[in-house]
Amino acid sequence: MPEPQDRIRFEQLVLPHLDSAANLARWLLRNLADSDDVVQEAMLRAYRFFARFHGGDARAWLLQIVRNTCYTWLEKNRPSELMTEFNEEVHQGPSTSPEAVALQADERKRLRVALESLSPRSREVLVLRELEGCSYKEIGEITGIPIGTVMSTLSRARERLQRTLIAAAKEVS
Amino acid sequence: MNCELEQTTVYGYFDGELDAVRSAQFERHLEGCAECQTALVGIESLRTRLQKSNLYKHASPDLRERIRKQLAQAAGAQRDTAVHSRRWFLLPAFGILASAAAALAIVFFVVQPNTQSAQITAELIDAHVRSLQPGHLTDVQSTDQHTVKPWFDGKLDFIPPVTDYSEYGFPLLGGRLDVIGGQNVAALVYSHHKHLINLFVWPYREEEPSLGSSGSRQGYNWTTWQAGEMRFCLISDAASSDIVELKDLIHP
């Protein structure tokens, strides 16, 4: 357990990245109630492990813990989602229900639906790159995947997102 | 696809991740490759759409509060075990004395520092949190220092220095009036990445308690200093190093 002075350091170094933690968890779990619980758990874990943080990039360190907590939660509660990376093409494509079409009329919702239709592993690199502004190196650090794989995953994720958006636009018109 | 370049090179260039040599090579290639030009336009437009759509999910005030409580609890539980274990190793009577002394010491160190300055700090944090509520951030919304500065004219009996630090990554968003410790203060709002920073400025008074130079509470960091006849306080949920960076810009 951390010492009292560590709590101050934790509040100064790690807590400022709470928004980043909330954003990543929300996009990985696609649901606010679940992601808030997972962020809370991840922050407690980060606090307990804080003695193991030896300086460096506090945001990447925290996001690594948040990501692991998210995946553990997914494995336990929605294991099927983690399988989608093998058959993303099958699951892919916007839903054609009238409700979904109406949703897509709105740009923000259309983007959200498109992002959420990607596999968790494609979604996380896109969210980290485009919303969080992480470099490839930081993404590699957070996800634990080599830079080369970061690049190819990001490239595939962007192409899929673009294709999904084009398909969604066609459906609306 | 006629272009034989890998997609990752185009993306790498767009993300600024290619080294200078490969970047220059790509630029030469780009001049003659319509396919890569189209690809770049596509990525650019995708990024613009994503960033304009406000998709970033900030932590809710409710989540912040839950985490704050949880950390306080975790730290509290830790203190309890520390007292228990100490008692375990010592004679019982002496142990009780020791923990009483420890408790006294905590009271002494925590409560003794000027309660007045603690109150001002609490008011500054409250003012910062209040400013984050919708519609409370700025009374004059402008990134132009020449618009913000005159706005304070006649509203305060002093003129706060107003400078935009966009080029250093701290764009000015605007200003407003606030009240701290019963006196009117100027509040300037800066943003840094996704964090908002309030700069409070007020004329220094002799009887004012010293605030210490910096601190942290409830996840907010602040730093305060005095320059000339003015007192300054920066406060934000941004990292303390970012706050110090802005302070160094204001008063190098």
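Residues numbered from 1 in each chain as written. Chains lettered and ligands numbered in written order. Predicted model: local features only at pLDDT ≥ 70, side-chain atom pairs only at ≥ 80, totals over all residues.

(A) Representation of the overall build of chain B in the model. Counting secondary structure elements, chain B contains eight helices and seven strands. The burial tally for chain B puts 22% of its 252 residues in the buried class. Summarising the internal contacts of chain B: among those between residues at least 6 apart in sequence, 52% fall at separations of at least 24. (Helix = DSSP H or I, 4+ residues; strand = E, 2+ residues; numbered from the N terminus. Buried ≥ 20, exposed ≤ 12 C-beta atoms within 10 Å, placed from the backbone. Contact = placed C-beta atoms within 7 Å.)

(B) Fine view of the interface of chain A and chain B. With 35 residues of chain A at the contact, the number on the chain B side is 36 residues. The leading source of residues in the side of chain A that touches chain B is helix 11 (residues 147-172) of chain A, at seven residues. A breakdown of the residues in the side of chain A that touches chain B according to their chemical character gives 18 nonpolar, seven polar and ten charged. (Nonpolar A, V, L, I, M, F, W, Y, C, P; charged D, E, K, R; others polar.)

(C) Just the confidence of the model for chain B, in detail. Residue and element names in this part refer to chain B. The predicted model of chain B has a mean per-residue pLDDT of 80, with 81% of residues at 70 or higher. Segment residues 83-91: pLDDT under 50, and nine contacts once partners within four positions in sequence are set aside and those in other chains are kept. Here residues 107-113 is modelled with pLDDT under 50, and outside its nearest four sequence neighbours on either side it reaches one contact, counting other chains as well. Scored by ipTM, the complex comes to 0.83, with pTM at 0.59. (pLDDT = per-residue confidence, 0-100.)

(D) The environment of Lys69(B), seen in detail. Residue and element names in this part refer to chain B. Counting through the fold element by element, Lys69 comes out in helix 4 (residues 61-89). For Lys69, a count of 11 C-beta atoms within 10 Å corresponds to the exposed category. Residues Lys69 and Gln218 lie 149 residues apart in sequence; the distance between their C-alpha atoms is 9.2 Å.

(E) Representation of the sheet that holds strand 2 (residues 172-180) of chain B. Residues and elements named next belong to chain B. Strand order across the open sheet formed by seven strands is 1-2-3-4-7-6-5, with antiparallel pairing between neighbours. Edge positions in the sheet fall to strand 1 (140-141) and strand 5 (214-217), since each has one partner strand and no second. Strand direction decides the pairing type here: strand 3 (residues 183-192) and strand 4 (residues 195-203), joined by seven bridges, are antiparallel. Residue pairing in the sheet places Tyr190 in a bridge with Ile197 of strand 4. Most of the contacts of helix 7 (residues 145-152) go to strand 2, to which it runs at about 20°, and overall it touches strand 1, strand 2 and strand 3. Across the sheet, helix 8 (residues 240-250) is in contact with strand 3, strand 4, strand 5, strand 6 (220-227) and strand 7 (230-236); its angle to strand 6 comes to roughly 20°. (Pairing = 2+ DSSP bridges. Axes fitted to C-alpha atoms, helices over the stretch in contact; angles between N-to-C directions.)

(F) Molecular detail of the pairing of strand 3 of chain B. Residues and elements named next belong to chain B. Pairing of strand 2 with strand 3 involves eight bridges; the strand directions are antiparallel. Opposite Leu177, over in strand 3, you have Ala186 as the bridge partner. Hairpin connection of strand 2 to strand 3: two residues between the antiparallel strands, including Gly181 at a positive phi of 55°.

(G) Representation of the packing of helix 2 (residues 18-29) of chain A against helix 9 (residues 120-131) of chain A within the structure. All names here are of chain A. At their nearest, the axes of helix 2 and helix 9 sit 9 Å apart, and the two run at 150° to each other. It follows from the interaxial angle that helix 2 and helix 9 lie roughly antiparallel. The hand of the helix 2/helix 9 crossing is right-handed. Of the residues in helix 9, those touching helix 2 at Asn23, Leu24, Trp27 and Leu28 are Pro120, Arg123, Glu124, Val127 and Leu131. (Parallel < 35°, antiparallel > 145°, perpendicular 65-115°, else oblique. Left-handed = near helix turned anticlockwise from the far one by under 90°.)

(H) Structural detail: the environment of Ile67(B). Turning to its location among the elements, Ile67(B) is positioned in helix 4. You can call Ile67(B) buried: it has 24 C-beta atoms within 10 Å. Between the alpha carbons of Ile67(B) and Gln218(B) there is a distance of 9.4 Å; along the sequence they are 151 residues apart. In this view, Ile67(B) contacts Leu18(A), Gln40(A) and Met43(A); residues no more than four positions away in its chain are not counted.

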